Amino acid sequence: MTDAVRHLNKSGRLGRFYIDGAWCGPGGRDRASLVNPATETVIAEIPLGSAEDVERAVSAARRAFPGWFRTPPAERAALLGRVHALVLERSELIAQALTTEMGAAITYARRAQVPLAAEHLRVARDNLADFPFISQRGKTAILREAIGVCSLITPWNWPLYQITAKVGPALAAGCTVVLKPSELSPLSALLFAEVLDQAGCPPGVFNLVNGTGPVVGEALASHPEVDMVSITGSTRAGVLVAQAAASTVKRVAQELGGKSPNIVLPDADLARCVPLGVAAAMRNLGQSCSAPTRMLVPRARLDEVEALAAAAAGEFVVGDPLLEATTHGPIANRAQFDRVQMMIETGIGEGAKLVIGGPGRPEGLRSGFYARPTIFSEVRRDMMIAREEIFGPVLAILPYDTLEEAIEIANDTVYGLGAHVQGTDMEKVRDVASRIRAGQVHLNSPDWDPNAPFGGYKRSGNGREYGREGMEEYLETKAVLGFYS
Ligand code: NAD
């Protein structure tokens with residue numbers, strides 16, 4: 001048993017939900033087994049919520065809303081500041097929870113999953129310092145008011161990061177929330193609820209109900225007392241949430257799938273950008289919605305790119321996620337492991353050139369959901385591995401002949417979440433960026449920016465998270481005509 005499971009077991013919170021400022025038992029008897037992806041063994045049982053649990057949580061959030069909505073922004077900022085500090089204080093336990101529930105290498109959990117998650121809380125707090133909740137336009141006052149009770153539904157791939165990207169701005173805006181984390185990654189979410197409790201979050205402002213999408217998620221999306229639902233997950237689940245929400249005309253925010261392109265221009269510094277592109281595609285085992293999994297390269301430089309890409313992937317150390325030397329742990333769960341294996345077989349079947357990796361586990365690993373970092377080259381845009389989100393350590397290299405063709409391939413997708421452009425002529429790089437239909441474009445692999453709005457064009461979703469836009473998502477606009485101040 002890991003420290004995180006031991007900790008939650010000891011307090012009894014592993015079997016509870018957090019509703020109205022108290023830890024309470026589930027209304028029903030359904031349970032799910034939590035499997036450690038590194039060992040394939042069951043490490044805990046968690047209760048799955050019911051519609052009745054959702055009812056209690058939504059009622060608590062509804063009761064808490066008028067009070068929380070009226071708190072001065074500075075008070076909300078103070079709470080977020082305490083939550084931020086406590087997340088950092090408990091970062092080792094949270095990192096271990098993440099490694100246990102979804103297999104992130106412990107070094108990656110410590111270096112990225114936890115600190116980046118904390119950044120969303122810091123940004124949410126800082127946004128309150130000068131946000132214009134009231135502004136005057138002529139004789140009309142424009143008020144930005146919290147939308148109300150929000151359902152927040154999150155996935156397992158960046159469990160805490162996706163939670164703080166919603167809870168931080170929602171609470172900053174003055175909303176009250178009911179969180180349903182992925183049923184596959186409940187540990188970090190329970191630790192986060194402990195943090196909110198310890199930080200003195202008023203009862204009902206933050207509530208957590210664990211459970212499945214079709215039961216708890218659907219109840220949260222359709223509930224008439226919920227004003228907004230925000231989901232991060234697959235496009236499939238995003239559509240179901242929007243359908244469930246439609247009859248109550250609530251706001252729907254969706255952060256969904258992606259198949260992001262990485263355009264390498266002819267003048268790019270290959271020795272720099274290819275290893276960085278491979279690392280970005282394989283980060284978190286490729287289980288990132290905005291992973292640049294299609295690398296578009298000039299045909300004349302394909303051999304060079306393949307050699308550099310293989311060398312970069314050959315450096316990865318796949319194995320026990322608790323070892324410090326490990327760069328990549330197992331895939332997060334069996335369903336995803338099976339899908340990744342199927343897609344690697346598909347790439348081979350479609351005739352793509354296997355540069356490195358392939359099906360099965362890396363040498364020496366006989367159990368655990370470990371996959372081989374895999375790179376295909378000579379991939380055609382009509383191949384399934386170029387079109388479908390794989391959500392695993394699989395990179396497709398597609399050659400192009402002209403810049404026009406590269407831009408056309410980049411945009412030839414139902415998704416539009418992220419994109420990358422590499423090159424030395426910055427005027428050209430910026431021009432290419434302006435022609436890509438995606439919510440975020442990265443030029444020459446810059447650092448992550450928690451203030452850069454994130455979200456999708458097309459079927460990658462609706463709405464934006466992170467930064468100021470992330471908070472605006474949770475606000476209504478009220479115009480008060482006549483004289484206000
Ligand atoms: P998923 O869609 O299966 O689940 C995501 C969440 O939605 C979970 O909490 C799940 O319980 C819930 N859910 C599922 N069906 C539901 C329903 N009918 N009603 C309400 N809720 C429902 O996705 P996943 O397997 O957890 O995550 C992987 C997917 O998420 C990938 O496709 C990835 O691209 C996407 N993703 C997107 C972003 C982004 O910001 N755009 C970030 C991370 C992951």
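Cut-offs used in this document
Residues numbered from 1 in each chain as written. Predicted model: local features only at pLDDT ≥ 70, side-chain atom pairs only at ≥ 80, totals over all residues. Heavy atoms only, no water. Helix = DSSP H or I, 4+ residues; strand = E, 2+ residues; numbered from the N terminus. Rg over C-alpha atoms; globule rule 2.2 N^0.38 Å. Buried < 20%, exposed > 50% of the residue type's maximum accessible area, 1.4 Å probe, protein only. Contact = heavy atoms within 4.5 Å. Areas by Shrake-Rupley, 256 points an atom, 1.4 Å probe, with all protein chains shown as cover. Near = heavy atom within 4 Å. Polar contact = N/O pair within 3.5 Å; in protein donor to acceptor, adjacent residues only side chain to side chain. Core = buried A, V, L, I, M, F, W, Y, C linked by side-chain atoms within 4.5 Å. Pairing = 2+ DSSP bridges. Axes fitted to C-alpha atoms, helices over the stretch in contact; angles between N-to-C directions. Domains from an automatic or database assignment. Buried area = accessible area lost by both parts, 1.4 Å probe. Salt bridge = Lys/Arg side-chain N within 4 Å of Asp/Glu carboxyl O. Phe/Tyr/Trp six-rings, centres within 6.5 Å; stacked < 30°, edge-to-face > 60°. Parallel < 35°, antiparallel > 145°, perpendicular 65-115°, else oblique. Nonpolar A, V, L, I, M, F, W, Y, C, P; charged D, E, K, R; others polar. pLDDT = per-residue confidence, 0-100.

Looking at this model, I keep getting lost on the overall build of the protein chain. Mind explaining?
When helices and strands are tallied, the protein chain shows 16 helices and 20 strands. Taking 485 residues into account, the globule formula puts the C-alpha radius of gyration at 23 Å, and the protein chain, at 23 Å, falls close to it. With the principal axes as the frame, the protein chain shows a C-alpha extent of 65 × 60 × 40 Å. Per-residue burial for the protein chain yields a buried fraction of 58% across its 485 residues. Contacts in the protein chain between residues at least 24 apart in sequence constitute 73% of all its contacts with a sequence separation of at least 6. Looking at the protein chain as shown, the accessible area adds up to about 18,600 Å², and 52% of this sits on carbon and sulfur atoms.

So what exactly am I meant to see when it comes to the site of the ligand here?
Around the ligand, the surrounding shell holds 29 residues, and the nearest of these are Thr154, Ser234, Leu256, Cys289 and Glu389. Thr154 is positioned such that a nitrogen or oxygen atom in its backbone is 2.7 Å from an oxygen atom of the ligand. A distance of 2.5 Å separates a nitrogen atom of the ligand from a polar backbone atom of Leu256. Relative to its free-state accessible area of 840 Å², the ligand is covered by the protein chains to the extent of 91%. Every element with two or more residues in the shell around the ligand is listed here: helix H8 (213-222), strand S10 (228-232) and helix H9 (235-246).

Whenever I open this one, the nonpolar core confuses me. Can you help?
Across soluble globular proteins, nonpolar side chains have a tendency to be buried as a group. Membership of the largest hydrophobic core comes to 82 residues, with the highest contact counts inside it found for Val83, Val87, Leu171, Phe192 and Phe206. Residues Val340, Phe369, Val432 and Ile436 belong to the second largest nonpolar core, which totals 33 residues.

Sorry, what's going on with the sheet that holds strand S20 (residues 475-480) here?
As summarised here, the arrangement of the three strands in space is S5-S6-S20, forming an open sheet in which the pairing is antiparallel. Taken across any chain shown, the strands that pair with only one partner, and hence form the sheet edges, are strand S5 (134-137) and S20. Within this sheet the neighbouring strands show an average axis-to-axis angle of 25°, counted without direction. Pairing between strand S6 (residues 140-146) and S20: six bridges, direction antiparallel. Residue pairing in the sheet places Leu143 in a bridge with Lys478 of S20.

Quick question: what am I supposed to make of the sheet that holds strand S13 (residues 294-298) here?
The strands that make up a sheet pair up through hydrogen bonds in the backbone, lying either parallel or antiparallel. Spatially, seven strands are ordered S14-S15-S16-S13-S12-S17-S18 in an open sheet, and the strand pairing comes out mixed. Edge positions in the sheet fall to strand S14 (353-356) and strand S18 (440-443), since each has one partner strand and no second. Taken over all neighbouring pairs, the strand axes of this sheet differ in orientation by 20° on average, direction set aside. Where S14 and strand S15 (residues 374-377) come together, three bridges link them in antiparallel fashion.

Would you explain the domain arrangement of the protein chain in this entry?
Where interface size is given, it is often the accessible area lost as the parts come together that is meant. Domain annotation of the protein chain identifies domain 1 (3-256 + 461-480) and domain 2 (261-449). A separation of 30 Å is found between the C-alpha centroids of domain 1 and domain 2. In this complex, domain 1 contributes 28 residues to the contact, which on the side of domain 2 involves 29 residues. Each partner contributes to the roughly 2,200 Å² buried at the junction of domain 1 and domain 2, and carbon and sulfur atoms together form 56% of this total. Along the contact surface separating domain 1 from domain 2 lie three salt bridges.

For this particular structure, what's the right way to read the packing of aromatic side chains?
The geometry of an aromatic ring pair is captured by two quantities: the separation of the ring centres and the angle between the planes. Within the structure shown, the criterion is met by 12 aromatic pairs. Between Trp158 and Tyr161 the ring centres are 5.0 Å apart and the planes differ by 50°, which places this aromatic pair in the tilted class. Judged by its relative accessible area of 8%, Trp158 falls in the buried class. Given a relative accessible area of 7%, Tyr161 falls into the buried group. A centroid spacing of 5.9 Å and a plane angle of 90° characterise the contact between Phe192 and Phe206, whose relative ring orientation is edge-to-face. Remark: Phe206 occurs in strand S9 (residues 206-208) and Phe192 occurs in helix H7 (residues 186-198); sequence separation between them is 14 residues. The residues Phe192 and Phe206 share a single accessibility class, namely buried.

Just checking my understanding: could you explain the packing of helix H5 (residues 106-127) against helix H6 (residues 159-173) for this structure?
One way to put it is that H5 packs onto H6 with a least axis distance of 8 Å and a crossing angle of 5°. As judged from the angle between their axes, H5 and H6 are roughly parallel. Counted together, Gln113, Leu116, Ala117, His120, Leu121 and Ala124 of H5 and Pro159, Leu160, Tyr161, Thr164, Ala165, Gly168, Pro169 and Ala172 of H6 form the full contact between these two elements. In the contact of H5 with H6, the residues fall into 10 nonpolar, four polar and no charged.

Looking at this model, I keep getting lost on the confidence of the model for the protein chain. Mind explaining?
Fine structural detail should not be taken from predicted coordinates in areas where pLDDT scores are low. For the protein chain, the mean per-residue pLDDT works out to 97, and 99% of the residues sit at or above 70. Within the protein chain, the element-level pLDDT minimum falls on helix H1 (residues 3-11), averaging 91, and the maximum on strand S8 (residues 176-180), averaging 99.

Looking at this structure, I do not really get the side chain of His120. What am I missing?
Topologically, His120 is positioned in helix H5. A residue is classified by how much of its surface remains accessible, and His120, at 4% relative accessible area, is buried. Each residue touching His120, except ones within four places of it in the same chain, is listed here: Tyr161, Thr164, Ala165, Trp448 and Tyr466.

Just to check I follow, could you spell out the side chain of Asn333 for this structure?
Note that Asn333 resides in the loop between helix H11 (302-314) and helix H12 (334-349). In this structure the side chain of Asn333 is engaged in a polar contact, spanning 2.9 Å, whose partner is the backbone nitrogen of Gln336. Excluding its chain neighbours within four sequence positions, the residues that come into contact with Asn333 are Trp156, Leu184 and Phe369.

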